[in-house]
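Structure assessment
Listed here are the chains, written in short residue letters.
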Amino acid sequence: MPPLESLGRRLMFKRILIANRGEIALRVIRACRELGIETVAIFSEADRDAPYLQLADEAICVGPAKAADSYLRIDRVISAAEIGNVQAIHPGYGFLSENSHFAEVCRSCDIGFIGPTPEAMEAVGDKNSARDLARKAGVPTVPGSDGLVSSEQDAVRIAREIGFPVLLKATAGGGGKGMRVAANDLSLTSAWQQASAEAQAAFGNPGIYIEKYVERPRHVEIQIIGDTHGQVFHLWERDCSTQRRHQKLIEESPSPRLPQATREAMAAAAVRLAKAAGYFSAGTVEFIVDQQDTFYFIEVNARIQVEHPVSEMVTGIDLVKAQIRVAAGEKLDFRQEAIVPRGHAIECRINAEDPAANFRPNPGRIERIFSPGGFGVRWDSHATTGYVVPPHYDSLIGKLIVHQPTRQAAIDTMIRALKELRVAGIATTVPLHLDVLANSAFHEATIDTTFVERMLAG
Ligand code: MV4
């Protein structure tokens, strides 16, 4: 008997390739199983023995350990898709997920891409163009330059106009890469030199724009999902302020202390922007929120994100299944008014890093693992006893997600589950999470994006 969900769905893919690894590869395999879709996994030589590969219907090697020679090789991934005889590719997050050229190659090979179109990806992938689009859609942006800044002289003139401190951002950057703060004319000169050189070197695109620097913001993002029939829905917000050096540590939904009117305005703004960009599939519209609860658009993430489970838990919507369905051309049968957040969800990212040694990556063999469970607990992980965490990729070994009626109950369950999780053989970020969850600022939710670094400093 095929799963009930696959009956009567003539549009649906029969077989898809997952162009990713680790927990997100497993997450997609699970969604496919429930939809009655066969899966082809790919792996590098470093992942050859990874247990989750056994859960796919087929697994194909795409090259050596180095991502640039395997998971990032468009030619090899497409060859695997041809050999695997799939109708579509799910890119997961990272790797090729936001590469519009890859999405275009899929299209020209007549392979479905489980994500937005290359055109939508480009419109939001260039940060300056996304900001332009936001303004045209009536989405608040941070006061700043009207487009790219062409010279140091222009930069000084604009910075004086908007007032210091300012932030120089690379239009090809994102996630904090290629940003420089400047407090006055003098520091702007060196910030300009560094930012433009870095943008050219790192992204091959020297474009820079300037924004007023918002001090100690919160990071709040809106989850959206759209279909190819012009519908875009939002799944409310996630607060990702608990981060260190642009690496998110804890995400939660709802965002504590966010006024309901602000939440509603942000969600509506995110949907307007997605519609203006012709965006479908899953995506995230990222905002910063200042101390006065004023919100500003920052950037769009054109992929499923690591932290998507917290939105799934509070809304009851399986985002990966929805992503696959809309890529196959199905119309989402949601009603926005029926997407009502229920309770509170928190996710802790468990990384193979040693918080006692400046978060040094700690790859190696997991001698033993005991996975947490019980009421309100979800453990999304590919790690098993005997699994060797390879040193070549990001160090995420699992995501611990809890869902409870209130934030306080969610914190209590998270502490219980973190203590239940036992990983022997390698150091993990569990102790750091326990410290954060015991912190009064976290309890009072008076935190911003500088909270963890201030906590660790003193
Ligand atoms: C900002 C900002 C303050 N003012 N823009 C960093 C990542 C990138 N997505 C946007 N980022 C920021 N943009 C203005 N005009 C502060 C940050 C920022 C930040 C944002 C979200 C989460 C964590 C952060 C940590 C440091 C700085």
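Residues numbered from 1 in each chain as written. Predicted model: local features only at pLDDT ≥ 70, side-chain atom pairs only at ≥ 80, totals over all residues. Heavy atoms only, no water.

On to the overall build of the chain, then. A count of helical and extended segments in the chain gives 14 helices and 22 strands. A globule of 458 residues ought to have a C-alpha radius of gyration of about 23 Å, and the chain, at 22 Å, matches this closely. Overall, the chain is about 65 × 50 × 45 Å in size when its C-alpha atoms are taken along their principal axes. For the chain, the residues scored as buried account for 56% of the 458 residues in total. The contacts of the chain with a sequence gap of at least 6 include a subset with a gap of at least 24, amounting to 66%. Looking at the chain as shown, the accessible area adds up to about 18600 Å², and 51% of this sits on carbon and sulfur atoms. (Helix = DSSP H or I, 4+ residues; strand = E, 2+ residues; numbered from the N terminus. Rg over C-alpha atoms; globule rule 2.2 N^0.38 Å. Buried < 20%, exposed > 50% of the residue type's maximum accessible area, 1.4 Å probe, protein only. Contact = heavy atoms within 4.5 Å. Areas by Shrake-Rupley, 256 points an atom, 1.4 Å probe, with all protein chains shown as cover.)

Summed over all chains, the structure comprises seven aromatic pairs. Put simply, the rings of Y71, F95 and Y393 pair up and form one aromatic cluster. Stacked on the ring of F442, the Lys or Arg R407 has its end atom at 4.6 Å from the ring centre. (Phe/Tyr/Trp six-rings, centres within 6.5 Å; stacked < 30°, edge-to-face > 60°. Lys NZ or Arg CZ within 6 Å of the ring centre and 35° of its normal.)

With that out of the way, let us pick up the site of the ligand. Taken together, 19 residues sit near the ligand, with K169, E211, K212, V214 and E286 positioned nearest. The separation between a nitrogen atom of the ligand and a polar main-chain atom of K212 is 2.8 Å. One of the side-chain nitrogen or oxygen atoms of E299 is found 3.3 Å away from a nitrogen atom of the ligand. Relative to its unbound accessible area of 510 Å², the ligand is 91% covered by the protein chains. Elements supplying a minimum of two residues to the shell around the ligand: strand 6 (166-174), strand 8 (208-212), strand 12 (281-289) and strand 13 (295-301). Broken down by class, the residue content of the shell around the ligand amounts to eight nonpolar, six polar and five charged. Shared between two domains, the shell around the ligand takes at least three residues from each, and those domains are domain 2 (143-212) and domain 3 (218-456). (Near = heavy atom within 4 Å. Polar contact = N/O pair within 3.5 Å; in protein donor to acceptor, adjacent residues only side chain to side chain. Nonpolar A, V, L, I, M, F, W, Y, C, P; charged D, E, K, R; others polar. Domains from an automatic or database assignment.)

The final tally for this structure, using the stated rule, is 36 salt bridges. In this structure, R21 engages D47 in a salt bridge whose closest nitrogen and oxygen atoms are separated by 2.7 Å. Note that R21 is positioned in the loop between strand 1 (15-18) and helix 1 (22-35) and D47 in the loop between strand 2 (38-44) and strand 3 (58-63), a separation of 26 residues in sequence. Assessed through its relative accessible area of 7%, R21 is described here as buried. One salt bridge in this structure joins R27 and E312, with 2.8 Å as the shortest N-O distance. Here R27 is found in helix 1, whereas its partner E312 is found in helix 9 (residues 308-315), with 285 residues between them in sequence. (Salt bridge = Lys/Arg side-chain N within 4 Å of Asp/Glu carboxyl O.)

Before going further, it helps to spend a moment on the nonpolar core. Buried together is how nonpolar side chains tend to be arranged in soluble globular proteins. With 126 residues, the main nonpolar core has I16, L17, I89, F102, F287, F297 and I324 as its most contacted residues. Take this core: its biggest share by element is eight residues, from helix 1. For this core, the domains that each give at least three residues are domain 1 (4-114) and domain 3 (218-456). If near-sequence neighbours (up to four positions away) are discounted, I89 is found in contact with L17, A19, V77, I78, A81, F102, C106, I111, G112, F113 and I114. (Core = buried A, V, L, I, M, F, W, Y, C linked by side-chain atoms within 4.5 Å.)

Attention now goes to the environment of P256. Relative to the assigned elements, P256 resides in the loop between strand 11 (247-253) and helix 8 (260-276). Since its relative accessible area comes to 14%, P256 is described here as buried. With near-sequence residues (within four places) excluded, P256 lies in contact with R218, D239, R407 and A445.

Omega for the bond connecting F164 with P165 falls within 30 degrees of zero, at -5°, which places this linkage in the cis form. Among the structural elements, P165 can be located in the loop between helix 6 (152-162) and strand 6. At the junction of S253 and P254, the peptide bond is cis and its omega measures out at -5° in the coordinates. Relative to the helices and strands, P254 resides in the loop between strand 11 and helix 8. Phi at N85 is positive, roughly 60°, even though this residue is not glycine. Summarising the element assignment, N85 is placed in the loop between helix 2 (74-84) and strand 4 (88-90). The phi dihedral of W236 falls on the positive side, at around 60°, and the residue is not glycine. The topology assignment puts W236 in strand 10 (residues 232-244). On the basis of relative accessible area, W236 is assigned to the buried category, the value being 14%.

Turning to the domain arrangement of the chain, a few remarks are in order. What the domain assignment reports for the chain is domain 1 (4-114), domain 2 (143-212) and domain 3 (218-456). Placing the centre of domain 1 and that of domain 3 at their C-alpha centroids yields a distance of 23 Å. Listed per partner, the contact involves 37 residues of domain 1 and 33 residues of domain 3. Summing both partners gives a buried area of about 2700 Å² for domain 1 against domain 3, and 60% of it is carried by carbon and sulfur. Summed over the three residues of domain 1 that lose the most area to domain 3, namely E23, R27 and Y93, the buried surface amounts to 23% of that side. At the junction of domain 1 and domain 3, the tally comes to five salt bridges. A salt bridge links E98 to R303; the shortest N-O distance between them is 2.3 Å. Per-class residue counts for the side of domain 1 that touches domain 3 are 22 nonpolar, six polar and nine charged. (Buried area = accessible area lost by both parts, 1.4 Å probe.)

Take the side chain of R407 next. By the secondary structure assignment, R407 is in helix 11 (residues 407-420). At 2.9 Å, the side chain of R407 forms a polar contact with the backbone oxygen of F442.

The strands that make up a sheet pair up through hydrogen bonds in the backbone, lying either parallel or antiparallel. Read across the open sheet, the eight strands follow the order 13-12-9-10-11-14-21-19; overall the sheet is antiparallel. A single partner strand is all that each edge strand has here, and the edge strands are strand 13 and strand 19 (377-380). Here the average twist between neighbouring strands, direction ignored, is 25°. Across four bridges, strand 19 lies against strand 21 (residues 396-404) in antiparallel orientation. Along strand 21, the bridge assignment pairs V377 with V402. The strands that helix 8 touches are strand 9 (218-226), strand 10, strand 12 and strand 13; relative to strand 10, the one it contacts most, it runs at about 115°. (Pairing = 2+ DSSP bridges. Axes fitted to C-alpha atoms, helices over the stretch in contact; angles between N-to-C directions.)

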